Amino acid sequence: MADQYAHSGDDKRPTEIPAIRWEEPPEGPVLVLLDQTRLPAEEVELVCTDASALVEAIRSLSVRGAPLLGIAGAYGVALAAVRGFDVDEAADALASARPTAVNLAVGVRRARAAYEAALAEGGDLRQAAAAALAAARQLHREDAQASERMAEHGLALLDELLPGGGHRVLTHCNTGSLVSGGEGTAFAVALAAHRRGRLRRLWVDETRPLLQGARLTAYEAARSGMAYTLLTDNAAGSLFAAGEVDAVLIGADRITADGSVANKVGSYPLAVLARYHHVPFIVVAPVTTVDLGTADGASIEVEQRAGHEVTEVVAPQVPVVGVEAGGGIPIAPLGTQAYNPAFDVTPPELVTAIVTEEGVVSPVTAEALAEVCARSPRAATG
């Protein structure tokens, strides 16, 4: 089960609430999430006491973003183990909560393997639970470290492609600290450029239909003091035509063995625009997002979400967890059918480079991607 409680203050300072954390109050261990469905109107935390609450939080997008989903999945297994629930049942439910983001299954698998290994070595259930928790915490630390390294590699690539600084970067969806154990993926690169005086403007796609760019990326850019401008998704072409974009930086939810990139729907059109206008299209993602066990983009299961996300508008301050479909404000005629894929897939030939913590892949080929993944045991293999 889950409980929510809000944090408020009069100083209006940007939040320092982490996107995810493990706590051990007297009544028992819990996983605490910053509820991203409530941002930017409210900074509210969601407290999960079991894996089923975490599954609900994942499906409702209270917790989201590929790297963070991996961390959440690992902690979810640990939570089930520590509280004495069926670990296999919890792991299966968590791994299937969102099918496209490979990190979720990777995190679940890692904590589950640690749990099973401890039992195989003669440990009791308490020791096995401790092993699962240690694996989750290690994954959390690794992701923070990966974020730092991606930022450095990505900024170096930007400076190489666009010498002289003054970068004008377009991004899509949300890729900052809200999706990471650190400062994020693509957003972390832009943030590094900002801190070193080399970011002229961050262009923020609103990212329909759930507005993760408007609600979350703009929120993170504002709290970081970055120069940013919000635009509707369908204004991006006008921006390219005006020569106002120097590079596109996006994250990824799954990168297949051939370098195809599944990311928030709307990413593929940006890649096409970038190619036409000769603008670098750069994907920033940890090796845990690389799925060498999936051959190509056509093999990716793309999550299809409920039509009411398109036909209705839900204000950010209205809780999403527990709200039934139809709880929003209708913006389309009753009975309207909606096409609502959560992701689209960009083929490798449209990707200028993939930036990982282990280095940059450019040009994007299966061989180059495999070589980078071989440097790290963290890459997914299926």
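Residues numbered from 1 in each chain as written. Predicted model: local features only at pLDDT ≥ 70, side-chain atom pairs only at ≥ 80, totals over all residues. Heavy atoms only, no water.

K.L.:
Give a description of the sheet that holds strand 12 (residues 290-291) that names residues and reports values.
P.N.:
Sheet architecture is open: 4 strands sit in the order 12-9-10-15, paired in mixed fashion. Each edge of the open sheet is held by one strand with a lone partner, namely strand 12 and strand 15 (343-346). Where strand 10 (residues 261-264) and strand 15 come together, 4 bridges link them in antiparallel fashion. Within the sheet, the bridge partner assigned to Lys264 lies in strand 15 and is Phe343. Together, strand 10 and strand 15 form the strand contacts of helix 9 (residues 267-276), whose direction differs from that of strand 15 by roughly 35°. (Pairing = 2+ DSSP bridges. Helix = DSSP H or I, 4+ residues; strand = E, 2+ residues; numbered from the N terminus. Contact = heavy atoms within 4.5 Å. Axes fitted to C-alpha atoms, helices over the stretch in contact; angles between N-to-C directions.)

K.L.:
Tell me what's going on with the packing of helix 1 (residues 51-59) against helix 3 (residues 87-95), and back it up with residues and numbers.
P.N.:
Packing of helix 1 against helix 3 brings their axes to within 9 Å, and their N-to-C directions diverge by 0°. Considering their axes alone, helix 1 and helix 3 lie roughly parallel with respect to each other. Counted together, Ala51, Leu54, Val55 and Ile58 of helix 1 and Ala90, Ala93 and Leu94 of helix 3 form the full contact between these two elements. Class assignment of the residues belonging to the contact of helix 1 with helix 3 gives a composition of 7 nonpolar, no polar and no charged. (Parallel < 35°, antiparallel > 145°, perpendicular 65-115°, else oblique. Nonpolar A, V, L, I, M, F, W, Y, C, P; charged D, E, K, R; others polar.)

K.L.:
Before we move on, can you summarise the sheet that holds strand 17 (residues 359-361) with the specific residues and values?
P.N.:
The strand order across the open sheet formed by 7 strands is 7-6-5-8-11-16-17, and the pairing between neighbours is mixed. The open sheet has two edge strands with one neighbour each: strand 7 (228-231) and strand 17. Direction aside, neighbouring strands of the sheet carry axes that sit 25° apart on average. In this sheet, strand 8 (residues 247-250) lies alongside strand 5 (residues 167-171) in parallel orientation, the contact comprising 3 bridges. From the neighbouring strand, Val169 faces strand 8, where its bridge partner is Ala247. In the packing of helix 6 (residues 186-195) onto the sheet, the strands contacted are strand 5, strand 6 (199-205), strand 8 and strand 11 (281-284), and the crossing angle to strand 6 comes to about 155°.

K.L.:
For the environment of Pro377, give the residues involved together with the corresponding values.
P.N.:
Structurally, the position occupied by Pro377 is in the segment after helix 11 (366-373). The exposed category is assigned to Pro377, whose relative accessible area is 83%. (Buried < 20%, exposed > 50% of the residue type's maximum accessible area, 1.4 Å probe, protein only.)

K.L.:
Could you give me a rundown of the side chain of Ser267, with the residues and numbers involved?
P.N.:
Tracing the sequence through the fold places Ser267 in helix 9. The class of Ser267 is buried, set by a relative accessible area of 1%. Among the polar contacts listed, one links the side chain of Ser267 to the backbone oxygen of Lys264, at a separation of 2.7 Å. (Polar contact = N/O pair within 3.5 Å; in protein donor to acceptor, adjacent residues only side chain to side chain.)

K.L.:
Run through the pattern of salt bridges, naming residues and quoting values.
P.N.:
Under the counting rule described, the total for this entry stands at 20 salt bridges. Arg21 is paired through a salt bridge with Glu45; the nearest N and O atoms lie 2.4 Å apart. Residue Arg21 is found in strand 2 (residues 20-23), and its partner Glu45 is found in strand 4 (residues 43-48); the two are separated by 24 residues along the sequence. Arg110 is the partner of Glu142 in a salt bridge, and the nearest nitrogen-oxygen pair spans 2.8 Å. (Salt bridge = Lys/Arg side-chain N within 4 Å of Asp/Glu carboxyl O.)

K.L.:
An account of the side chain of Arg168 is requested, with residue identities and associated values reported.
P.N.:
As for its placement among the helices and strands, Arg168 is situated in strand 5. When near neighbours in sequence (up to four residues on either side) are disregarded, Arg168 contacts Arg200, Arg201, Trp203, Gly243, Glu244, Val245, Asp246 and Ala247.

K.L.:
Quick rundown of helix 3? Include the residues and the values.
P.N.:
In an α-helix, one turn spans 3.6 residues, which is why side chains three or four residues apart end up on the same side. Taken residue by residue, helix 3 has Val87, Ala90, Ala91 and Leu94 as its buried positions. An end-on view of helix 3 places all buried positions within 100° of arc, on one side of the element. Among the structural elements, helix 1, helix 2 (66-82) and helix 4 (102-120) are those in contact with the buried residues of helix 3. With a side-chain oxygen lying 3.0 Å from the backbone nitrogen of Asp88, the N-terminal cap of helix 3 falls on Asp86. (Arc of directions from axis to C-beta.)

K.L.:
Any chance you could break down the pairing of strand 8 for me, citing the residues and the numbers?
P.N.:
Residues of strand 8 alternate between two faces, with Ala247 and Leu249 on one and Val248 and Ile250 on the opposite face, all of them buried. Sheet topology places strand 8 next to strand 11; 3 bridges connect them, and they run parallel. By the bridge assignment for strand 11, Val248 is matched with Phe281.

K.L.:
Mind laying out the packing of aromatic side chains, listing which residues take part and the relevant values?
P.N.:
Applying the stated criterion across every chain, the model contains 1 aromatic pair. Seen from their ring centres, Trp22 and Tyr75 are 5.9 Å apart, and the 25° between their planes marks the pair as stacked. You can see Trp22 sitting in strand 2 and its partner Tyr75 sitting in helix 2, a full 53 residues away along the chain. By relative accessible area, Trp22 is classed as buried at 10%. Of the residues examined, Tyr75 reaches a relative accessible area of 4% and is grouped as buried. In this structure, Lys264 is placed above the aromatic ring of Phe343, and the distance from its NZ or CZ to the ring centre is 5.0 Å. (Phe/Tyr/Trp six-rings, centres within 6.5 Å; stacked < 30°, edge-to-face > 60°. Lys NZ or Arg CZ within 6 Å of the ring centre and 35° of its normal.)

K.L.:
Provide a residue-level description of the nonpolar core, including the pertinent values.
P.N.:
What tends to happen in soluble globular proteins is that the nonpolar side chains get buried as a cluster. Within the largest apolar cluster, 42 residues are counted, with the highest numbers of intra-cluster contacts made by Leu31, Leu33 and Leu54. Mapped by element, the contributors of at least two residues to this core are strand 2, strand 3 (30-34), strand 4, helix 1, helix 2, helix 3, helix 4 and helix 5 (125-161). Counting residues per element, this core draws most heavily on helix 2, at 11 residues. Among all residues touching Leu54, those that are not within four sequence positions of it are Leu31, Leu33, Cys48, Val63, Ala72, Gly76 and Leu94. Listed in part, the 28 residues of the second largest apolar core include Leu239, Val261, Val290 and Cys373. (Core = buried A, V, L, I, M, F, W, Y, C linked by side-chain atoms within 4.5 Å.)

K.L.:
Any chance you could break down a nonpolar patch on the surface for me, citing the residues and the numbers?
P.N.:
Taken together, the side chains of Val313, Ile329 and Ile331 make up a nonpolar region of the molecular surface, amounting to roughly 290 Å² of accessible area. Examined against the element boundaries, Ile331 turns out to sit in the loop between strand 14 (329-330) and strand 15. On the basis of relative accessible area, Ile331 is assigned to the exposed category, the value being 55%. (Patch = residues over 30% accessible without salt bridge, like charges linked within 9 Å, V, L, I, M, F, W, Y side chains within 5 Å. Areas by Shrake-Rupley, 256 points an atom, 1.4 Å probe, with all protein chains shown as cover.)

Read these as layout, nothing more, since geometry by itself doesn't imply function.
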